[in-house]
Amino acid sequence: MTETIWLIAAVTAALLSMSWLALAYESHWQQVFPESGTLPNRRRLKLSAWVFLLLSAVFCLNADHPSMAVLVWVMLLAVAAFSVAMMLSHRPALLKIICLPLFAAKA
Amino acid sequence: MFNSLRMSMGWVHTWMGLVLGFVLMICFFFGALSVFDREIDRWAIPDTRFEPQPMPSFDEVLKPVYQQLRPDPVDMAATERRVVGSLPDPETLELESLFAYTTHRDPVLLIGGEFAIPNEPIDPTDDHQHVHGRATVNPATGELLNDDALKIGSDWFYPMHFSLNFNWMMLGYWIVGLAALVMLAGLVSGVIIHRKIFREFFTFRPWKNLFRSSLDLHNMTGVVALPFHFFFAFTALVIFASNIYLPVTHTTLKPLHEHHEKLEAARTGLPHEPAGVPAPLASVDAMVAEAKRRWAQRDMAGEVGFLSINHLGDENGYVSIYRAGSDRVALVGEGIHFKASTGEVIREEPPRSAVSSIDEFLTGLHLQHFEHWMLRWLYVFGGLLGAVCIATGFVLFVEKRKARHAKTGSQGSRIVDALAVTTVTGMVLAAVGMLVANRLLPADLPGKGQWEQIAFWSVWALAFLHAAWRSSPVAKARHNPAWREQSLLLGLLSLSAVGLNWITTGDHLIKTVFTDTYWAVAGVDLSLIATALIAFFAAARLRAPVSEQKADNALSRNKQVNAYD
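Residues numbered from 1 in each chain as written. Chains lettered and ligands numbered in written order. Predicted model: local features only at pLDDT ≥ 70, side-chain atom pairs only at ≥ 80, totals over all residues.

Caption draft 1: Structural context of the overall build of chain B. In terms of helices and strands, chain B carries 21 helices and 8 strands. Compactness check: chain B gives a C-alpha radius of gyration of 27 Å against a globular reference of 24 Å for 565 residues, within 12% of the reference. Taken across its 565 residues, chain B has 38% of its residues classed as buried. Sequence-distant contacts in chain B: of pairs separated by 6 or more residues, those separated by 24 or more amount to 71%. (Helix = DSSP H or I, 4+ residues; strand = E, 2+ residues; numbered from the N terminus. Rg over C-alpha atoms; globule rule 2.2 N^0.38 Å. Buried ≥ 20, exposed ≤ 12 C-beta atoms within 10 Å, placed from the backbone. Contact = placed C-beta atoms within 7 Å.)

Given below as structure tokens:
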């Protein structure tokens, strides 16, 4: 049961991380926030993305034997990146929701 | 010949990728299906739809079953050609060794053994003097299951991805090995020719023209799953390196290998040869209990994955018991060996060395003995990303050349496009068509498995003929309608497979998901429905002529295109 919770946390962290990594590119930021002008704080986005990337690895390690956790993590990043790319091309508005924590940080 | 590294790498990537891409499509797609091979077996053989169970008692259940085991007629015929004189009656041959193998996903148990033969080999260096036998057992009752029922998942889709089921001179293995090597070269050359590997990491623009949007998808599916693509191509080569691709121990180094085998036997105390003195078999269940006790003592409590007995009925006989590697990235291991006649421990294998651990991790990550359903699905997804990457590569090849070919009258892009249809939609049609045939053919039909294989190849061949027959528009720089037609057919076939499973077995999704949950069958049915939905969606998208589609999309996405180009 606790394994499932750790894995859900890992999926969430990987998705957040990949979303922020994508939004740190001007072109993708424009896709999600066409009315907001230029990208506000690229460094903060990137930093949060990398922190969450590491966090998702830690969550994976909590869930499984290390040999398995490393595979789960690498595969999870691939799927998260693909999902973010698909959201950007088909439903960019969805990424606004994922960015809510970021607005809190901005204020 | 080329002005820059990028151009020369581009040449390698394009042409190697095209030639072996057709093979790689098969590896990736059937590899993805192999992740759930045991579950596909349950779908295809309804008699075995019960829960997975651990290795049963050897003394009470398995021992009598081995007495029913008979030499495989195919192996009898193959052995007959290698020995002097004719082989004795198979009923009289005696087992000299046996094994039993199971995993945490297997309701059924695979058993087998080697039968001794008295004949001399024609080639004196041929030391393979026995005939194999193999059977599938219901571990709950100890009864042998019908051997005519082909395990479509583990005996057809799974070997398809590493041998193309083309066993003549092991040629299938060699073609796949070459494809894996080219895959590695394709990944390296792909990274070199990719202009914006980070900037376009998340980029897919379906509203752009077919060439550009396919290139986006090709790059993105290749890059996001790059570690997966690399490690699976690489570990595929590692797995077969020592016994198939570089079999030095059985060719140039054979004498050394034989010598080492004898030295190792002396070192480990596991006899290399039988003593020639008959001896009884002590309780194997007691040995299993002792093995489990020792694993628990090493903080590795576990179940038996593999059990074997060598020199059966001989004074030198020994029983080897290996732990199933379900809880980590490992294969069966932690072997403990017992003297068969007394049950005393001869040898407990020491922990692995660093090199051996790395080897076990590399092969283990590919062979997936572990119990982790999420990672299994992630692997399926990785395999499908690989298939998308290669399929979009074919589209790129055709889109780049077809206008030029139309002008010059070349048939090149037309041929590639027809082959692409065959290996993309045609291959999935063959797999689903085989499942449909499995449900339509009566269960007691003699040689049912053979008929299913014929159905598989026939559907695939028909898909090729259809793709070739409909391909003439490509020579005029237009699209092959076979893409859409085969997608529609795939949607219909997938749904009918689900329906036929319901009609012939009574296992519908409400039952397998909710009332009498059985995820193996529910998972195959749900995947078939997902396949149907994707196929219908693709067919709908392919209906509108591309130029109109592009105009529509351009209008609706105008804002985005302006903002993001």
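Caption draft 2: Local environment of the overall build of chain A. Assigned secondary structure in chain A consists of 6 helices and 0 strands. When its helices and strands are written in sequence order, chain A yields α-α-α-α-α-α. The C-alpha atoms of chain A give a radius of gyration of 14 Å, which matches the 13 Å a tight globule of 107 residues would have. If you line up chain A on its principal axes, its C-alpha atoms span 45 × 30 × 20 Å. Counting across all 107 residues of chain A, residues that qualify as buried make up 42%. A separation of at least 24 residues holds for 70% of the contacts in chain A among residues at least 6 apart in sequence.

Caption draft 3: The arrangement of the nonpolar core in detail. Counting 129 residues, the largest nonpolar core has Val72, Met75, Leu76, Ala78 and Ala81 of chain A together with Met25 and Val432 of chain B as the members making the most contacts within it. For this core, the element with the most residues is helix H4 (residues 66-90) of chain A, which contributes 17 residues. Counting residues domain by domain, this core receives three or more from each of domain 1 (51-154 + 259-367) and domain 2 (409-565) of chain B. Contact partners of Leu76 of chain A, with chain neighbours within four places excluded, come to Ala10, Val11, Ala14 and Ser56 of chain A together with Leu378 of chain B. (Core = buried A, V, L, I, M, F, W, Y, C linked by C-beta atoms within 7 Å. Domains from an automatic or database assignment.)

Caption draft 4: Looking closely at helix H3 (residues 42-63) of chain A. Its 22 residues place the ends of H3 of chain A 32 Å apart at the C-alpha level, agreeing with the 32 Å of an ideal helix rising 1.5 Å per residue. Check the buried side of H3 of chain A and you find it contacts helix H1 (2-23) and H4 of chain A. (Expected span 1.5 Å × (residues − 1).)

Caption draft 5: The arrangement of the confidence of the model for chain B in detail. Residues at a pLDDT of 70 or more form 96% of chain B, whose mean pLDDT is 92. Within the model, pLDDT remains below 50 along residues 554-565 of chain B, and this stretch shows 12 contacts once partners closer than five positions in the same chain are excluded. (pLDDT = per-residue confidence, 0-100.)

Caption draft 6: Spotlight on the domain arrangement of chain B. Residues and elements named next belong to chain B. Looking at chain B, the domain boundaries give domain 1 (51-154 + 259-367) and domain 2 (409-565). Computed from C-alpha atoms alone, the centre-to-centre distance between domain 1 and domain 2 is 41 Å. Every contact between the two is made by 4 residues of domain 1 and, on the other side, 7 residues of domain 2.

Caption draft 7: Representation of the environment of Pro88 of chain B. All names here are of chain B. Relative to the assigned elements, Pro88 resides in the loop between helix H4 (73-80) and strand S1 (95-101). A residue is classified by how many C-beta atoms lie within 10 Å of it, and Pro88, with 12 of them, is exposed. In the structure, Pro88 is positioned 443 residues away from Thr531 in sequence and 51 Å away in space, judged by C-alpha atoms. Not counting residues up to four positions away in its chain, the partners in contact with Pro88 are Leu93 and Pro118.

Caption draft 8: Structural detail: the packing of helix H8 (residues 226-245) of chain B against helix H11 (residues 354-367) of chain B. All names here are of chain B. Orientation of H8 relative to H11, taken along the N-to-C sense of each, is 115°, at an axis distance of 9 Å. One element, H8, and the other, H11, form an angle in the roughly perpendicular class. Viewed along their axes, H8 and H11 form a crossing whose handedness is left-handed. Between H8 and H11, the contacting residues are Phe231, Phe232, Thr235, Ala236, Val238 and Ile239 on the first element and Leu362, Thr363, Leu365 and His366 on the second. Looking at the contact of H8 with H11 residue by residue, the class counts come to 7 nonpolar, 3 polar and no charged. (Axes fitted to C-alpha atoms, helices over the stretch in contact; angles between N-to-C directions. Parallel < 35°, antiparallel > 145°, perpendicular 65-115°, else oblique. Left-handed = near helix turned anticlockwise from the far one by under 90°. Nonpolar A, V, L, I, M, F, W, Y, C, P; charged D, E, K, R; others polar.)

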